Structures are given as structure tokens and as C-alpha cells.
Amino acid sequence: MNPFNYERAHDITSAVTLLSRAPRGAFLAGGTNLVDLMKLGVATPDTLIDIRRVTSDQIEELPDGGLRIGAAVLNSSLAADRTIRQRYPVLAQALLSGASGQLRNLATVGGNVLQRTRCAYFQDVTTPCNKRKPGSGCPARAGYNRDLAILGTSQACVATHPSDMAVALVALDAVVRTQGPRGSRTIPLAALHRLPGETPEHETVLERGELITAIDIPALPYATSSSYRKVRDRASYAFALVSVAAALDVVDGVVRDARIALGGVAPKPWRATQAEAALRGKPATKQHFRAAAEAELAAAQPLSENAFKIPLARNVIASTLLDLLKESVQ
Amino acid sequence: MNLPITLQVNGVTHQLSIDTRTTLLDALREHLGLTGPKKGCDHGQCGACTVLLDGKRVNSCLTLAVAYQDAEVVTIEGLADDERLHPLQQAFIEHDAFQCGYCTPGQICSAVGMLNEAEAGWPSVVTTDLTADHIDLNDDEIRERMSGNLCRCAAYANIVPAIREVAESQSIPQETRR
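Residues numbered from 1 in each chain as written. Chains lettered and ligands numbered in written order. Predicted model: local features only at pLDDT ≥ 70, side-chain atom pairs only at ≥ 80, totals over all residues.

**Some details on the overall build of chain B**
Inference 1: On a plain count of helices and strands, chain B comes out with five helices and five strands.
Inference 2: Starting at the N terminus and ending at the C terminus, chain B contains elements arranged as β-β-α-β-β-β-α-α-α-α.
Inference 3: Here the C-alpha radius of gyration of chain B, 16 Å, is about what a compact globule of 178 residues would show, namely 16 Å.
Inference 4: Taking the principal axes of the C-alpha coordinates as reference, chain B spans close to 50 × 35 × 30 Å.
Inference 5: Buried residues in chain B amount to 49% of all 178 residues. (Helix = DSSP H or I, 4+ residues; strand = E, 2+ residues; numbered from the N terminus. Rg over C-alpha atoms; globule rule 2.2 N^0.38 Å. Buried ≥ 20, exposed ≤ 12 C-beta atoms within 10 Å, placed from the backbone.)

Pasting the structure below:
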């Protein structure tokens, strides 16, 4: 690990100022991803600004019936929160599907959405990787790509975003609140991450020194009928091959509205807008659920080892929606 | 760069001068001589380094010592009450819940934290009713909640009953629920 200076920020403003003065510095929160990447030599900050205490660790009610989640709320605390479990079960399930009990006790909400891909080439400094070293190439296209993306990829990069929590949040229309050197702003979570294009090293729209302070979830009454399903190589403690966050609003057998997002298949938490559009106003049947999934996956571009993700995603979308339908008619 | 830091471990306050790069795991093992927490993968994937930080189980290999000076750390060395083993330590012995023993300190610290989480009503991904107040720690729940601790000897068949016995007996004295 490279040597670094450690500074603890005392409030949001000082955190932003400290990082603005450290061009090769980084914010440190739970550290579960950053410290690992520093050990691997993938991340080499010369300064760590500890922000674990500067943003809120509370979950607050918003006037519109939504919730504001402080960026320092632990993944485990968020998953255990009674309001989250009642109003947004998809979010509690996504959190509980991710990592391990130990990691969830360290990882923060703000850090979770900013975690880096687990692509093997990104994490191995002895191999080329356009994301880690721009212009060096992408061995994944012709190499080990079973875990990698089928949607939103580019010639330069086929990495997946690894978060489960962010998949649920993007389905819920979550909004990220930030403070940076130029003030504060809000960014829809769906617009936080960039697709790789020619510049996979630029992963988000955040500016240098911009700190996530909270994430807002708008009210969504039918999210009480929502769930997260994750398919992986072992029963627990593994990243998703495919995951689906879904919420379903069915009235008289017709889909009034639906929220669908996918994990494990794209460089960002993937909101399945095509599938949602295909479902609205249609009869809530297995056939239409499958057709909606196929509408989303029509753009999929499989690699040499991951074509299985297309039928897998289709089936998991359809079965998740079908389970929600059964639950709603009970 | 070196910094003077303070760590509170198993009820004792220690003053150290450490490189900022030192993980809590290395501080415990190399500076304080507490070799209970083990370095398995050193990447947060095996759980052998699990300790309790303010009562919560965490991977000490992914935490920087400098960042946790105000926390109370409990390692496997701090679980027994003088000569009396912690109920989970006793249960692991009685159930022969290990072979080589390398993962055991992490398994036990993780189980202590896990039982506290379950008692606080925290659900897991296999909990059928997410909104239930009471968690029934059956074998599926224990396996899921302990999935962050790998045992390469595959002593799981005895680890699960050892933890279940303690969960069922509710016999953890309050003072050791850290």
C-alpha cells in the first residue's frame, strides 16, 4: 500500500475543502472497498479524508412521505430499519443480499453507490484495464467475462456495477444529495453513474471533492409490494450474476405501474425503462411479464462467456413479477 | 507516515505509534500481540479477522486502526470472563466445531455479533417475514447470517449446531454481550 496522510474531517464543509486541497486524495467512509483497492494497488490516494462522522447517520421522514437517508447510515442499519422494511421491502432485501454481516456493519450508504467494479482485470494491476489505466486495453472481451455486463457496455469496458442496494434505489427513483466546492445539488441516482463509452475511468458525474451527503427516496405506496431477487454462484456472500429489483402496481388484473431495475448486467444500476413501458396498461400475466423482459433485453450484447445472462435475466424478471402478483392477490 | 494513536481493546487503553497504513488487524496482531484475530485472505472475504467494534462484528482487515481510536474493540481474547469461557467458546468445544481452528476466533466473534443482531430483530435475506419482531434462528438463518465466515475444513456441520445451541439457550450473560 502506498503511504498516505490521514485527516479526519469535522464537518461537511471542511471535508470538501480538505479534499479540494488534495488532488490525489480520497474520502474514506466504511473503507470496505477503498482499503481493499489500496491493498491491491488499484487505488493509490496520498491523502485520506475520513468522513465517517461528517454526514448524517439518521433516516428521516420527508414531508412528501418519502425518506432521507444520511450518507453515513450503515448498510446494516438501513436494512434493519422498520420503516424501510415496511415501505420498501425491495431495499431491505437488496441490502441483505449484499456482502456479509461484517461488511454491512462497516459499509455506508454513500460509499455503497460509489463502490468500484469487481471485474478481475480492474482489480489485477498486472493486467491492462481501460478503467484503471485509460488506453491500456480490455482483456475481458476475449478473456474471463462470465460475470460481466450485457447492457450499456462499450468497446472500452464491459465491467458491471457491483451494488445490490443501488439497484433497489434506482428502481425507487432515489435522488442523491451532494455538497461540493461549488455548492450543493441533487442528482437522480439514475443519472449519477456514467456509461463507460470511450472513458470508462469516469464512473460518475460527481466533481472533484463533491461529497454525497444523503439519499432521498420518494414516497411510492405500492412499493410495499416489491422485492429483490439475486442469482449468484453460491447461496450467500457473492456478487450477482443477475439481480432484479421490482415493484408492481396491479389494479383489476392490469398493470397500472411497475418499477424494474437490474443488477449484475450493466456498468450502472440499470433501470429497465423499456420493460416498464412495455408493461404499463397490459394484463398482469406471465406472458406479458416475459415480453416486457424481452423488450428490455433486446439491446443486450453478450460476450463470449455470459450469453446465459439474457435468458437468466428474462426468467428472473418474469418470476419476480409473478411472485409479486401472487402476493398482491392473496 | 507514523501517527500516535489510542486503541481501546478488551477493556484496556493502548497508546501506539503506527503507520497510517496499519489495519486494525495488524495493529492487534503485530503491535498488541493479540493473535486471536487471524489473517486469512486479508481482503474481507473469509471472516477470520472478525472482531467486535462497539459491539458490532466487522472485518478488522479492512479497517484502518487510525480511524477507530474512539471505538471499543473486543477480540476473541476478550470474550471469556476470567476462567469461564464465553458460552459460544464452550459450545464450539462441546460440538467439536472446528478442525484446524484457524477460522474459529473469527467464527466465534462473528456469532457473538450475529446473536446480538438477531436479538435486536434484524432480519436476514432468508427471513420469511421481513417485518416480524422476533427472529427464529433456524439452521437456514444461522447459515445465511454466518456466510461471511469461511471454514476451509468445512466444520460447518458442527458450527451450526454449536451456534444454534447458544441461540436456543439464550444463555449469554448480559455483561458479555458486547
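After that view of the structure, there is still more to cover.
**What about the overall build of chain A?**
Inference 1: Per the secondary structure count, chain A includes eleven helices and twelve strands.
Inference 2: Once the C-alpha set of chain A is aligned to its principal axes, its extents read approximately 60 × 50 × 35 Å.
Inference 3: Counting over 330 residues, chain A shows a buried share of 56%.
Inference 4: In chain A, the proportion of contacts linking residues at least 24 apart, taken out of those at least 6 apart, comes to 64%. (Contact = placed C-beta atoms within 7 Å.)

**Describing helix α1 (residues 24–31) of chain B**
Inference 1: Three or more residues of α1 of chain B are buried, namely L24, L25, D26, A27 and L28 of chain B.
Inference 2: Looking one or two residues beyond α1 of chain B, the residue adopting positive phi is G33 of chain B, at roughly 70°.

**Looking at the confidence of the model for chain B**
Inference 1: Taken residue by residue, chain B gives an average pLDDT of 95. The fraction at 70 or more is 96%.
Inference 2: Throughout residues 171–178 of chain B the model reports pLDDT below 50, and contacts reaching past four residues in sequence, or to other chains, amount to 13 contacts. (pLDDT = per-residue confidence, 0-100.)

**Points about the pairing of strand β8 (residues 211–217) of chain A**
Residue and element names in this part refer to chain A.
Inference 1: Taken across its seven residues, β8 has seven buried, putting it largely inside the fold.
Inference 2: In the sheet, strand β5 (residues 67–70) pairs with β8 via four bridges, with the strands oriented antiparallel. Within the sheet, the bridge partner assigned to G70 lies in β8 and is A214.
Inference 3: Here five bridges tie strand β6 (residues 175–180) to β8, and the two strands are oriented antiparallel to one another. Among the inter-strand pairings, T178 is bridged to a residue of β8, identified as I212. (Pairing = 2+ DSSP bridges.)

**Concerning the domain arrangement of chain A**
Residues and elements named next belong to chain A.
Inference 1: Under the domain assignment used here, chain A contains domain 1 (5–50) and domain 2 (55–330).
Inference 2: Placing the centre of domain 1 and that of domain 2 at their C-alpha centroids yields a distance of 25 Å.
Inference 3: Counting residues at the interface gives 15 residues for domain 1 and 21 residues for domain 2.
Inference 4: Of all the elements in the fold, those that place two or more residues in the side of domain 1 that touches domain 2 are α1 (12–20) and α2 (34–40).
Inference 5: Sorting elements by how many residues they give to the side of domain 1 that touches domain 2 places α1 first, with five residues. (Domains from an automatic or database assignment.)

**Comments concerning the interface of chain A and chain B**
Inference 1: Opposite the 29 residues of chain A that make contact, chain B presents 32 residues.
Inference 2: Broken down by secondary-structure element, the contributors of at least two residues to the side of chain A that touches chain B are β1 (5–8), α2, α4 (82–87), α5 (89–97) and α6 (101–104) of chain A.
Inference 3: Among the elements that make up the side of chain A that touches chain B, the one with the highest residue count is α5 of chain A (five residues).

**What about the sheet that holds strand β4 (residues 56–59) of chain B?**
Residues and elements named next belong to chain B.
Inference 1: If you walk across this open sheet you meet the five strands as β2-β1-β5-β3-β4, and the pairing is mixed. Edge positions in the sheet fall to β2 (12–19) and β4, since each of these pairs with one other strand and no more. Across the sheet, the axes of successive neighbouring strands diverge by a mean angle of 40°, strand direction being ignored.
Inference 2: Both strand β1 (residues 2–9) and β2 contribute to a ladder of eight bridges, which runs antiparallel. Following the sheet pairing, N2 is matched in β2 by D19.
Inference 3: Lying over the sheet, α1 contacts β1 and β2, oriented at roughly 105° with respect to β2.
Inference 4: Together, β3 (50–53) and β4 form the strand contacts of helix α3 (residues 104–119), whose direction differs from that of β3 by roughly 35°. (Axes fitted to C-alpha atoms, helices over the stretch in contact; angles between N-to-C directions.)

**Here's the deal with the domain arrangement of chain B**
All names here are of chain B.
Inference 1: Under the domain assignment used here, chain B contains domain 1 (2–78) and domain 2 (87–172).
Inference 2: On a C-alpha basis, the centres of domain 1 and domain 2 stand 22 Å from each other.
Inference 3: Of the residues lining the interface, 16 residues belong to domain 1; the matching set on domain 2 comes to 14 residues.
Inference 4: Broken down by secondary-structure element, the contributors of at least two residues to the side of domain 1 that touches domain 2 are β3 and β4.

**Brief notes about helix α11 (residues 309–329) of chain A**
Residue and element names in this part refer to chain A.
Inference 1: For α11, spanning 21 residues, the distance from its first C-alpha to its last is 30 Å, which sits close to the expected 30 Å at 1.5 Å a residue.
Inference 2: Among all positions of α11, only K309, I310, A313, R314, V316, I317, A318, T320, L321 and L324 are buried.
Inference 3: Looking at the buried residues of α11, the elements they touch are β9 (226–231), β10 (242–251), β11 (254–263), α9 (273–279) and α10 (286–297). (Expected span 1.5 Å × (residues − 1).)

**Structural notes on the environment of H31 of chain B**
All names here are of chain B.
Inference 1: Inspection of the secondary structure assignment puts H31 in helix α1.
Inference 2: By the C-beta count within 10 Å, which is 16 here, H31 ends up partly exposed.
Inference 3: Taking the C-alpha atoms as reference, H31 lies 12 Å from T6; in sequence the two are 25 residues apart.

**Regarding the environment of V254 of chain A**
All names here are of chain A.
Inference 1: As for its position among the elements, V254 is in strand β11.
Inference 2: Residue V254 is classed as partly exposed on the basis of its 14 C-beta neighbours within 10 Å.
Inference 3: The spatial distance from the C-alpha of V254 to the C-alpha of P283 is 4.4 Å, given a sequence separation of 29 residues.
Inference 4: Once residues lying within four places of it in the same chain are set aside, the contact partners of V254 are G281, P283 and A284.

**Details of the packing of helix α2 (residues 87–94) of chain B against α3 of chain B**
Residues and elements named next belong to chain B.
Inference 1: Two elements in contact, α2 and α3, have axes whose closest approach is 10 Å; the angle formed by their N-to-C orientations is 130°. In terms of their interaxial angle, α2 and α3 are classed as oblique. In the packing of α2 onto α3, the handedness of the crossing is right-handed. Touching L88, Q89 and F92 of α2 are T104, I108, A111 and V112, all from α3.
Inference 2: Residues of the contact of α2 with α3, tallied by class, amount to five nonpolar, two polar and no charged. (Parallel < 35°, antiparallel > 145°, perpendicular 65-115°, else oblique. Left-handed = near helix turned anticlockwise from the far one by under 90°. Nonpolar A, V, L, I, M, F, W, Y, C, P; charged D, E, K, R; others polar.)

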